[in-house]
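# Summary of the model geometry
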Amino acid sequence: MEEGARSCLLQSRSSLEQDIRASYLMDHMISDGVLTGDEEDRIRSKPTRREQAAALLELLLRKDNQAYISFYNALVRESYGDLASLLHNSLPLRLGSTHGTYSVAVLSEGGVPQRPVVFVSRPALMNRVREKLYRLQKEPGWVTVFGMAGSGKSVLAAEAVRDHALITECFPGGVHWLSIGQLDRSDLLVRIQSLCFRLEQQSQEKDPSSSLHRPPGSLEEAKERLRFLMLRRYPRSLLILDDIWDSSVLKAFDIQCRVLLTTRDRSLAECVSGSEVAVESGLEEGQALEILALYVNRKPQRLPEQARSIVRECKGSPLVVSLIGALLREFPDRWAYYLHTLQQKKFKRIRKSSSYDYDALDQAMAASIQVLSKEHRELYIDLTVLEKDVKVPAKVLSVLWDLEPEEVEDVLQDFVNKSLLFRDCHHRPYLYYLHDLQLDFLAEMNRSGLESLHTKVVRQYQQRYSQGPPTSGDEECLYWFRFLTYHMAKANLTQELYSLMFSLDWVRTKAQIMGPAHLINDYLEYSTILDKENSEVRGHFQEFLSLNGHQLEQRPFPDVVQLALSQPDSSEVYRQALLQAQERATRGGLYLDWVNKSSLKSLSRLVVQPHQGSIYSACFSHDGTKIASCGSSKTLRVFKSTSGEKLLEIQAHDDEVLCCAFSPDDRLLATCSSDRKVKVWNVERGTLMRMFEDEHEEQVNHCQFTNTRRRLLLATCSNDKFMNTKLWNINKPSSQNTMFGHLEPVNHCCFSPDDAYLSTSSSDGTLKLWEVSSANEWKSIDVADMFSEQREQTEVMVKCSTWSAGGRTIICAARNAVFVFDVETAAMLLEIRTSRLSTVQYCHACPSSNLVAIALSHYAVELWDIETSKKMADCSGHLSWVHGVQFSPDGSLLLSCSDDQTVRVWETNKVHTSSAVCLKRDSDVLFNNGDITVVAADNRNRLQVRNGRTGAVMFQSENQESRICCTAICSQTSAVGLGREDGTIQVLEMPSGTSLATLQGHTRAVLHCQFTPEGHTLITSSEDTTIRVWRWRTGECVVLEGHKEQVRCFSLLTTTPSSETHLLSWSFDGTIKVWDMSSGERLQDLVCHQGAVLACDVSPDGQLFATTSADKTAKVWSSASWECVRLLNGHQDCVRSCRFSWDGRRLATGDDNGEIRLWNVKDGTLLKICSRDNKDAMDSLHGGWVTDLHFSPDNTVLLSTGGYIKWWNVEKGEALQTFYPTGANLKRIHVSPDFSTFVTIDNIGILYILKKVE
């Protein structure tokens, strides 16, 4: 033995003698051939456990390196992990020159399990496996070993690689074993992390210059790390994946290496290229008798006659033979009893279709349980409540049994030793699970007591966690969050289930730990039970999660109480949130109530954020249960249409994925991409079935399968000049037909309902119909002719087409219009013109009605009835261009996908039946003795004045001739001013709407208007570079000229209470100018920045003013000397906003990257940077530009707007609260003098009046 190994044994001797049971370890060492039977007998002859341990160690010190490694592995197998860790660093690197010791070292380092104590060789099978493995000598590939559970696949795989010639010739890089089992995505990541760590650790031991890396954070990263290790550090090595259950797991190991996998599912062999070996379900009689003989330490010829009967009775099942053998080792005189038990305990088959020998296993199970002590038998029966394929940590059973964890582990060890329970040793702490058949047997045996068993689980949980659920995030915590509702439902504890699932606390905690999809699934799964109590409340919680799921996926985790305060006042979710907010407010918490939300109804049924990036295409499966989506992230994702729960994710292409489509039977998915490839995927397995990469030479824009299963074809279209539309038989390597006719890119293709025709929409301005059978052009419609008045100016691009349900009409989109044509005559039947400021991105006809859905570039989805030519609904909610819409096959649902990274699902019959009125963001607000008045233009170009308490419309003007650009309220008189795009200013009396003045003078759009405090003067600025000071009642005007570019804003400047008020203006020309408003004289002209001046703020005492610019700087100026006194550098993007604190000591600045900086005005030092570490999915720290800033009167809180609204602790620079509007890109926010009410409008026109919860 190497000196280092011997020294380590001596140093650890006292710890080992104190803890180990030599009898447990010697079985393993005998099977490894490092210990003889005589040596075992001598050690067993020692009277005490400690003396036996001392004797084993004394013997071990006289042996070689192989004995050290065998002893180490025995410690690992018998769960002495802490003791094994003492020996790990001294494991010998060289075992000598013998072939056997070299192989043992390779297999031990790779984690290959030791040969079982009771082992029977199956040479024919083993040679078949080795023959397949030898084929991997020259190139990577897969070998699949499949058979029923308990058939000995794992033992066979381990034995097959226990061959020196095979290792040295085929796998000199080593053999690496990884047990998989049934895993979710997170568990699989942990497994691969563990494997990577082991490989890197071994590599570092051999090459100290190599370094350990941090654990990979995602499956994709883990896959790449493993690929690197296997190809670079362990070339020509073998990876053994034991017990694969799911084809999706294989994707993580598709890394171009040599793989041997074991599975009970033969279909997995079809998912990978390579060879396969089938393992018979039963042993031959001689082999089975040999196993029984080894268990009872007899020769097979000397076994009693009952042994053959037992083998015949269980049909040679290796698992059953092992179970009976383990029992007989403890009670060797019970042959007749166990045979009788097997013959008498006849349980009916639970699953007739199962590949398992159920009768035999059930009988063995009954016999096995009988040998347990009464106490342990009762504990084992409690395991009936476990779900199939679920592994539980000992801590869960500690709660169930009310025992100390150590006692639980002892009980579980007993179950494992008797083959009544399985232990996942590759997870720490260990996880335990029952085989499906064991669970089925227990459920059958305890059918009448199932309800009480589940009740026991719930009661024990309630006793242990009476103060609240566990939040550790460990395996025990995850178990309770996943299965507590299941146990309550099975126990028929309906009141407890109501209380739990109708609790906002439970929703918050479970969503934070497991995500919202699990919760939504719970409300769907238990809806029948919950609806008996209150279906309305169940709907409240389900709707809250469905519409806010994309927020609940964000990290840092949002404040659920604040999110819930945006629910309707009638919602139980809102009621609970308000109570919690009020209670927290008494302890200094900050919460905002959206007081005018009652006027809004949500249209979406579900909001999902499946990708990090724009989503270009999304589609329903033909059964309506799944949605597939793809986009700029290059991935394809499939998720449940009810909850958004992810079912499949594939890194599909090397560039943006432009379209995805289900086959008629939903078994296949086609994708096409900017990388010019078309791919067809198996949905269930997530594997690539076919790739067409040679025929399209430009990006492929669209793909679609035929609608019926009669003859499956795939159509694709591309940006190719001539051969841009193709039909494919997916079983053939090349296209079946090419349609010639379009001379410009084809943007979209679509089969008619009966698959007889294919429509194509092209950038050449035409819509063509083709006969599918012949690929001949049938009809061509010149859509560009519909824009004859504009055709000379720009080309007309036909974006897409869709067939009506009966196939008699076809609908296509171009520019801002949708046209309906008769298929037979090609005559136009209807024209739908949308907003002139928007383009139609996509359209889709409902398969069950006359509705057509239209996706628009101005963030909206519209529904039109093509029979009545009426717009039926505006679906608002997206925050950017909408790229696609599609109805579900039955027409009840509509999905839409957008650049805002979300897919929204709408209920067709619940969307609004009239166009929603929305407001423009340029608004003004008057706070007056508790009253709030809001004035803004709406989307129909009317001026609206609303009551800020209720959101009710107090006044609404007629449609204006020119677009309203800005508004202002006069605080002294009941007058409202508005500035228009044509340069006209109007002053209207409220609430009558009488015109008090029409002011002409500006030659271009009026960008900002503001009344002076006394109300007699109205100041306006314009794109025409001028500012005008109006005595608006008389029409007198002073023109302030001097800026060279548009003047977007201005401010009044009063340096002392007694001094005259001057006007401060700023412009994109980089200057600040100071004006005498009475004479129009320019008092100062300051060149402030190298870029456009974007914002300016005057300090409360008027002594200073600050400017911010596109040049990424902010400056502080003196109003006395007109000189720059502070230059503030540090922002990495345009500085868009600034605000002085009320005491003038601090200045806040915000930039286009969402960063907010707090500065000391006195010396210009940086005090805090807000939001530095919390970059969100929209690639900004604030969800967008920081557009407005406000300090509270006491200067302790800072308010900011961007993509959302945030409140900050000024002293700490930490966020106090965040309000997420439905839309985004907030332009400004109005704040009441007492800092308790906040008013803003988002980019989809929703008005928010937020009141602090007291």
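Residues numbered from 1 in each chain as written. Predicted model: local features only at pLDDT ≥ 70, side-chain atom pairs only at ≥ 80, totals over all residues. Heavy atoms only, no water.

By the naming in an unreviewed UniProt entry, the chain is Apoptotic protease-activating factor 1, taken from Oncorhynchus mykiss. The record held by UniProt for the chain lists under Subunit (unreviewed entry) the comment "Monomer. Oligomerizes upon binding of cytochrome c and dATP." (UniProt positions renumbered as here; feature names shortened; annotations may be inferred.)

## Side note on the overall build of the chain
Within the chain, the secondary structure is distributed over 31 helices and 68 strands. On the principal axes, the C-alpha backbone points of the chain span a range of 125 × 75 × 60 Å. A total of about 52,000 Å² of accessible surface is found on the chain, and carbon and sulfur atoms cover 45% of it. The positive charge centre, built from 138 side chains, and the negative charge centre, built from 159, are 4 Å apart in the chain. (Helix = DSSP H or I, 4+ residues; strand = E, 2+ residues; numbered from the N terminus. Areas by Shrake-Rupley, 256 points an atom, 1.4 Å probe, with all protein chains shown as cover. Lys, Arg positive; Asp, Glu negative; His and termini not counted. Charge placed at Lys NZ, Arg CZ, Asp CG, Glu CD.)

## A look at the packing of helix α24 (residues 450–464) against helix α25 (residues 475–490)
To characterise two packed helices, one gives the angle between the axes of the helices and the distance between these axes. Across the interface, α24 lies against α25 with an axial gap of 8 Å and an inter-helix angle of 135°. Comparing the axis directions of α24 and α25 gives the class oblique. Our pair here, α24 against α25, has a crossing hand that is left-handed. Residues Glu 451, His 454, Val 457, Val 458, Tyr 461 and Gln 462 of α24 pack against Trp 480, Leu 484, Tyr 486, His 487, Met 488 and Lys 490 of α25. By residue class, the composition of the contact of α24 with α25 is seven nonpolar, three polar and two charged. (Axes fitted to C-alpha atoms, helices over the stretch in contact; angles between N-to-C directions. Parallel < 35°, antiparallel > 145°, perpendicular 65-115°, else oblique. Left-handed = near helix turned anticlockwise from the far one by under 90°. Contact = heavy atoms within 4.5 Å. Nonpolar A, V, L, I, M, F, W, Y, C, P; charged D, E, K, R; others polar.)

## Focus: the packing of helix α21 (residues 394–401) against α24
Taken N-terminus to C-terminus, the directions of α21 and α24 make an angle of 95°; their axes are 8 Å apart at the nearest point. Between α21 and α24, the angle is such that the two are roughly perpendicular. In this structure, α21 contributes Ser 398, Val 399, Leu 400 and Trp 401 to the contact, and α24 contributes Lys 456, Val 457, Gln 460, Tyr 461 and Arg 464. The residue inventory of the contact of α21 with α24, partitioned by class, reads five nonpolar, two polar and two charged.

## Topic: a nonpolar patch on the surface
Together, Phe 722, Met 723, Phe 740 and Leu 743 make up a nonpolar patch on the protein surface, roughly 440 Å² of accessible area in all. Summarising the element assignment, Phe 740 is placed in the loop between β22 (737–739) and β23 (746–751). (Patch = residues over 30% accessible without salt bridge, like charges linked within 9 Å, V, L, I, M, F, W, Y side chains within 5 Å. Salt bridge = Lys/Arg side-chain N within 4 Å of Asp/Glu carboxyl O.)

## Topic: the UniProt feature "repeat: WD" (unreviewed entry) in the chain
The UniProt entry lists residues 650–691, 739–780, 875–916, 999–1040, 1040–1085, 1086–1127 and 1128–1169 under the feature "repeat: WD" (unreviewed entry), expressed in the numbering used here. Taken end to end, residues 1086–1127 is 0% helix and 55% strand, and its first and last C-alpha atoms sit 15 Å apart. For the annotated span residues 1128–1169, helix accounts for 0% and strand for 52% of the residues, and the straight-line distance between the end C-alpha atoms is 13 Å.

## As for the packing of aromatic side chains
Per the counting criterion, the structure on display carries 24 aromatic pairs. On the numbers, 6.0 Å between centres and 15° between planes, the contact of Phe 502 with Phe 541 is stacked. Residue Phe 502 is located in the loop between α26 (494–501) and α27 (504–514), and its partner Phe 541 is located in helix α29 (residues 527–552); the two are separated by 39 residues in the primary sequence. Here Phe 502 matches Phe 541 in class, with each residue buried. Centroid distance Phe 1105 to Trp 1117: 6.3 Å. Interplanar angle 10°. Geometry classified as stacked. One end of the pair, Phe 1105, is in strand β55 (residues 1104–1109); the other, Trp 1117, is in strand β56 (residues 1114–1118), and twelve residues separate them in sequence. By relative accessible area, Trp 1117 is classed as buried at 6%. A network of ring pairs unites the aromatic residues Tyr 461, Tyr 465, Tyr 479, Trp 480, Phe 483 and Tyr 486 as a single cluster. Positioned over the ring face of Phe 787 is Arg 815, at 5.1 Å from the centre of the ring. In this structure, Arg 1136 packs its charged tip against the face of Trp 1185, placed 3.7 Å from the ring centre. (Phe/Tyr/Trp six-rings, centres within 6.5 Å; stacked < 30°, edge-to-face > 60°. Buried < 20%, exposed > 50% of the residue type's maximum accessible area, 1.4 Å probe, protein only. Lys NZ or Arg CZ within 6 Å of the ring centre and 35° of its normal.)

## Observations concerning the sheet that holds strand β24 (residues 757–762)
Taking strand neighbours across the sheet as the criterion, the four strands line up as β23-β24-β25-β26 in an open arrangement whose pairing is antiparallel. Looking at which strands have only one partner, the edges of the open sheet turn out to be β23 and β26 (777–782). Shown here is a sheet whose adjacent strand axes are inclined to one another by a mean of 15°, direction ignored. (Pairing = 2+ DSSP bridges.)

## Observations regarding the pattern of salt bridges
Inspection of the entire model under this criterion finds 50 salt bridges. Members of the salt-bridge network, linked through shared partners, are Arg 13, Glu 17, Glu 58 and Arg 62.

## Here we look at the nonpolar core
In terms of nonpolar packing, the biggest core is built from 87 residues, with Tyr 380, Leu 383, Trp 401, Leu 412, Phe 415, Trp 480 and Phe 544 touching the most fellow members. Looking at this core element by element, the count peaks at eight residues for α25. If we skip the residues at most four places from it in the chain, Leu 412 touches Ala 394, Leu 397, Trp 401, Leu 421 and Tyr 432. By size, the runner-up hydrophobic cluster in this structure holds 31 residues, among which are Val 818, Ala 845, Val 852 and Val 882. (Core = buried A, V, L, I, M, F, W, Y, C linked by side-chain atoms within 4.5 Å.)

## Some words on a negative patch on the surface
Taken together, the side chains of Glu 375, Glu 378, Asp 402, Glu 404, Glu 406, Glu 407, Glu 409 and Asp 410 present a region of like negative charge at the surface. Elements with a minimum of two residues in the negative patch: α20 (374–382) and α22 (405–417). Broken down by element, the residue count for the negative patch peaks at four residues, all from α22. Structurally, Glu 375 can be placed in helix α20. According to the relative accessible area criterion, Glu 375 is exposed, its value standing at 53%.

## Description of the sheet that holds strand β20 (residues 714–718)
Taken in spatial order, the four strands line up as β19-β20-β21-β22 in an open sheet, and their pairing is antiparallel. With partners counted over all chains shown, the strands left at the sheet margins are β19 (700–705) and β22, one partner each. Each strand axis lies, on average, 20° off the axis of its neighbour in the sheet, ignoring direction. For β20 and strand β21 (residues 725–728), the ladder comprises four bridges, and the chain directions are antiparallel. Each bridged residue has a counterpart across the sheet, and for Thr 716 the counterpart in β21 is Lys 726.

## What about the side chain of Ser 546?
Position of Ser 546 relative to the elements: it lies in helix α29. Within the structure, the side chain of Ser 546 is placed 2.8 Å from the backbone oxygen of Gln 542, a separation counted as a polar contact. Ignoring any residue separated from it by four or fewer positions in sequence, one finds Ser 546 in contact with Ile 520, Arg 605, Leu 606 and Val 607. (Polar contact = N/O pair within 3.5 Å; in protein donor to acceptor, adjacent residues only side chain to side chain.)

## Describing the pairing of strand β47 (residues 1017–1022)
Counting buried residues along β47, six of its six residues qualify, which places the element largely inside the surrounding structure. The turn linking strand β46 (residues 1006–1011) back onto β47 is made up of five residues, and Gly 1015 within it adopts a positive phi angle of 90°. Judged from the five bridges that link them, β47 and strand β48 (residues 1027–1031) form a sheet pairing that is antiparallel. Within the sheet, the bridge partner assigned to Thr 1017 lies in β48 and is Arg 1031. Following β47, the chain reverses through four residues before pairing antiparallel with β48; Thr 1025 in that reversal takes a positive phi of roughly 75°.

## Focus: the state of the cysteines
Scanning all chains against the criterion turns up zero disulfides. Unpaired in terms of disulfides, Cys 966 finds its nearest cysteine sulfur in Cys 1009, a separation of 3.6 Å. A disulfide-free cysteine, Cys 1124 has its sulfur positioned 8.3 Å from the sulfur of Cys 1088, the nearest such atom. (Disulfide = S-S within 2.5 Å.)

## A short note on the environment of Leu 519
Among the secondary structure elements, Leu 519 is positioned in helix α28 (residues 516–525). Exposure remark for Leu 519: the relative accessible area of 1% places this residue in the buried category. Among residues more than four places away in sequence, those in contact with Leu 519 are Trp 506, Val 507, Lys 510, Ala 511 and Leu 545.

## Quick notes on unusual backbone geometry
At the junction of Arg 428 and Pro 429, the peptide bond is cis and its omega measures out at -5° in the coordinates. Note that Pro 429 resides in the loop between β7 (422–424) and β8 (431–433). With an omega of 0°, the peptide bond running from Met 990 to Pro 991 counts as cis. Locating Pro 991 in the fold gives a position in the loop between β44 (985–989) and β45 (995–999). At Arg 676, a position not held by glycine, the phi torsion is positive, near 75°. Note that Arg 676 resides in the loop between β16 (668–673) and β17 (678–682).

## Quick notes on the pairing of strand β33 (residues 861–865)
Counting buried residues in β33 gives five out of five residues, a clear majority hidden from the surface. Residue alternation in β33 divides its side chains into two sets, Val 861, Leu 863 and Asp 865 and Glu 862 and Trp 864, and both sets are buried. Relative to β33, strand β32 (residues 851–856) runs antiparallel, the two sharing five bridges. By the bridge assignment, Leu 851 is partnered in β33 with Asp 865. Hairpin connection between β32 and β33: a loop of four residues separates the two successive antiparallel strands, and Tyr 859 in this loop has a positive phi of roughly 80°.

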